[in-house]
Amino acid sequence: MKRTLIFKNSNCKTENLPFSDGDAPFSFSDDGALSTPCKETYLETETPTEFTVGQRTSPCERKEYLLGNLPRLRLGRLLSKPVYAEGGALLPLKGVTFSISTRKIRHLIVRFGEEDGDASEIYLPFDSARLSAWRITPESFRPRSPKNTQRLLLNKPVYSTGGTYLGKLTDALIKNGVLRLLYADGKPYCADNLYAANDAFLLRPAEPFPLGQSLPQNLRNEKSGGVPVRFAEQINRSALQYFLREGKLIALTTSLPLFKNFTSDGATKEER
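Worth saying up front: this structure is predicted, and the values here are computed from it rather than measured. (Residues numbered from 1 in each chain as written. Predicted model: local features only at pLDDT ≥ 70, side-chain atom pairs only at ≥ 80, totals over all residues. Heavy atoms only, no water.)

**Student:** When you look at the overall build of the protein in this model, what are you seeing that I'm missing?
**Tutor:** Secondary structure assignment for the protein yields 3 helices and 21 strands. Of the contacts formed within the protein by residues at least 6 apart in sequence, a portion of 57% connects residues at least 24 apart. (Helix = DSSP H or I, 4+ residues; strand = E, 2+ residues; numbered from the N terminus. Contact = heavy atoms within 4.5 Å.)

**Student:** Looking at this model, I keep getting lost on the packing of aromatic side chains. Mind explaining?
**Tutor:** For any pair of aromatic rings, the description consists of the separation of the ring centres together with the inter-plane angle of the planes. Summed over the entire model, instances satisfying the criterion amount to 4 aromatic pairs. Members of the aromatic cluster, each reached through a chain of ring pairs, are Phe-231, Tyr-242 and Phe-243. Between Arg-135 and the ring centre of Tyr-84, over which it is positioned, the NZ or CZ distance is 4.0 Å. (Phe/Tyr/Trp six-rings, centres within 6.5 Å; stacked < 30°, edge-to-face > 60°. Lys NZ or Arg CZ within 6 Å of the ring centre and 35° of its normal.)

**Student:** Would you mind going over unusual backbone geometry with me for this structure?
**Tutor:** Note: most peptide bonds trans; most residues except glycine with negative phi. A positive phi is found at Arg-103, a non-glycine position, where the angle reads about 65°. With respect to the element layout, Arg-103 can be found in the loop between strand E8 (93-98) and strand E9 (105-112). For Arg-103, a relative accessible area of 8% puts it in the buried group. One non-glycine residue, Asp-185, lies in the positive phi region at around 50°. On the secondary structure map, Asp-185 appears in the loop between strand E16 (178-184) and strand E17 (187-190). (Buried < 20%, exposed > 50% of the residue type's maximum accessible area, 1.4 Å probe, protein only.)

**Student:** What is the right way to read the side chain of Ser-160 from this model?
**Tutor:** Counting through the fold element by element, Ser-160 comes out in strand E14 (residues 157-160). What Ser-160 contacts, discounting residues up to four positions off in sequence, is Leu-166, Leu-202 and Leu-203.

**Student:** Could you clarify how one ought to interpret the confidence of the model for the protein in this entry?
**Tutor:** On average, the protein scores 75 in pLDDT, and the residues at 70 or more come to 69%. Scored below 50 in pLDDT, residues 1-61 shows 134 contacts in the model against residues more than four places distant or in partner chains. (pLDDT = per-residue confidence, 0-100.)

**Student:** Explanation requested: the pairing of E14 in the structure shown.
**Tutor:** Across the two faces of E14 the burial differs, with Val-158 and Ser-160 buried and Pro-157 and Tyr-159 not buried at all. Note that E14 and strand E15 (residues 165-175) share 3 bridges and pair antiparallel. Opposite Val-158, over in E15, you have Gly-167 as the bridge partner. Taking the residues between adjacent antiparallel strands as the criterion, E14 and E15 are bridged by 4 residues, where Gly-163 takes a positive phi near 95°. (Pairing = 2+ DSSP bridges.)

**Student:** Looking at this structure, how should I read the pattern of salt bridges?
**Tutor:** Tallying each qualifying case throughout the model produces 6 salt bridges. For Arg-135, the salt bridge goes to Glu-64, with nearest N and O atoms at 3.5 Å. Of the two residues, Arg-135 is situated in the loop between strand E11 (130-131) and strand E12 (136-137) and Glu-64 in the loop between strand E3 (50-53) and strand E4 (65-66); the sequence distance between them amounts to 71 residues. Exposure remark for Glu-64: the relative accessible area of 18% places this residue in the buried category. Taking the shortest distance from any N to any O, the salt bridge between Glu-222 and Lys-248 comes out at 2.6 Å. With a gap of 26 residues between them, Glu-222 in the loop between strand E19 (201-203) and strand E20 (223-224) and Lys-248 in the loop between helix H2 (237-245) and helix H3 (249-254) connect regions that are remote in the sequence. (Salt bridge = Lys/Arg side-chain N within 4 Å of Asp/Glu carboxyl O.)

**Student:** Please explain the nonpolar core as it appears in this structure.
**Tutor:** Within soluble globular proteins, side chains that are nonpolar tend to cluster in buried spots. Counting residues in hydrophobic clusters, the biggest one holds 36 residues, and the most contacted among them are Leu-67, Leu-78, Leu-108, Ile-136 and Leu-152. Of all the secondary structure elements, the ones that give two or more residues to this core are helix H1 (75-78), E8, E9, strand E10 (120-125), E15, E16, strand E18 (194-197) and E19. Setting aside residues up to four positions removed in sequence, Leu-108 forms contacts with Leu-67, Leu-93, Gly-95, Val-96, Ile-122, Tyr-123, Leu-124, Pro-125, Phe-126, Ala-129 and Ile-136. Counting 9 residues, the second largest nonpolar core, distinct from the first, contains Leu-215, Val-229, Ile-235 and Leu-252. (Core = buried A, V, L, I, M, F, W, Y, C linked by side-chain atoms within 4.5 Å.)

**Student:** I keep staring at the environment of Phe-201 and nothing clicks. Help me out?
**Tutor:** On the secondary structure map, Phe-201 appears in strand E19. The spacing of Phe-201 and Lys-156 is 45 residues in sequence and 7.3 Å in space, taken between C-alpha atoms. Excluding residues that lie within four positions of it along the chain, Phe-201 makes contacts with Phe-98, Arg-151, Leu-152, Leu-153, Lys-156, Pro-157, Val-158, Tyr-159, Leu-169, Leu-194 and Ala-196.

**Student:** Would you take a moment to explain the environment of Tyr-123 for this structure?
**Tutor:** Locating Tyr-123 in the fold gives a position in strand E10. Sequence separation between Tyr-123 and Pro-146 is 23 residues, and the spatial gap between their C-alpha atoms is 6.8 Å. Here the side chain of Tyr-123 touches Arg-151 through a polar contact of 2.7 Å, side chain to side chain. (Polar contact = N/O pair within 3.5 Å; in protein donor to acceptor, adjacent residues only side chain to side chain.)

Following this line, the structure appears as structure tokens:
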């Protein structure tokens with residue numbers, strides 16, 4: 001879906017508003033607010049990850065957009081937005097839940113009551129909630145069950161499966177409703193390496209390149225002694241041993257998309 005971003009300034013003048021892919025409308029200032037005092041409108045057409053430059057126009061109006069469709073969303077910035085309830089109440093957002101098997105974000109965790117007093121929580125659908133410049137509006141306030149999900153909350157400790165303390169969770173990156181990166185004391189770690197989550201997050205060590213990469217289609221029809229060899233879609237240690245034994249390891253590694261530029265923690269530089 002193609003989106004056109006339209007901003008209106010206080011004088012309602014028409015000006016060009018340049019921005020790069022992945023920035024506005026999904027980037028906010030450090031205090032969680034948009035840097036412009038103007039309201040915004042998002043016009044949706046066909047491609048959700050492509051954007052075109054709009055113009056500032058009049059009259060000023062606001063339109064919300066679905067959380068599950070955002071190509072890039074920081075958890076810390078999302079948590080700075082209040083949840084708009086029926087009757088006009090603004091409730092704090094405590095965190096989100098996710099499926100540890102698919103990394104799919106499932107619920108918003110909304111808190112009722114005083115933080116230090118008798119507080120309770122309610123779980124609301126993430127994908128259908130809408131986000132504007134200053135608030136989150138759920139589709140409904142009908143509670144959902146958080147069964148088979150884990151809570152993604154800031155300041156939880158992060159450890160490796162070997163017991164190394166990596167720091168506290170300071171942020172997370174969500175792309176199209178899927179958890180992609182965890183930030184421990186500001187350092188990114190690939191969410192695909194998440195082994196367990198409860199009171200703390202446990203991360204597996206990142207596999208060395210090229211383990212875990214997609215096996216090129218032209219190398220999936222290999223034969224050994226005239227017998228077809230079956231490979232998994234992703235490169236594993238058995239596949240590496242086969243290509244090493246057959247003298248084709250260089251052909252394998254040079255056919256992989258090295259432009260992704262994987263780092264030691266499993267994240268790509270594009271995701272950082």
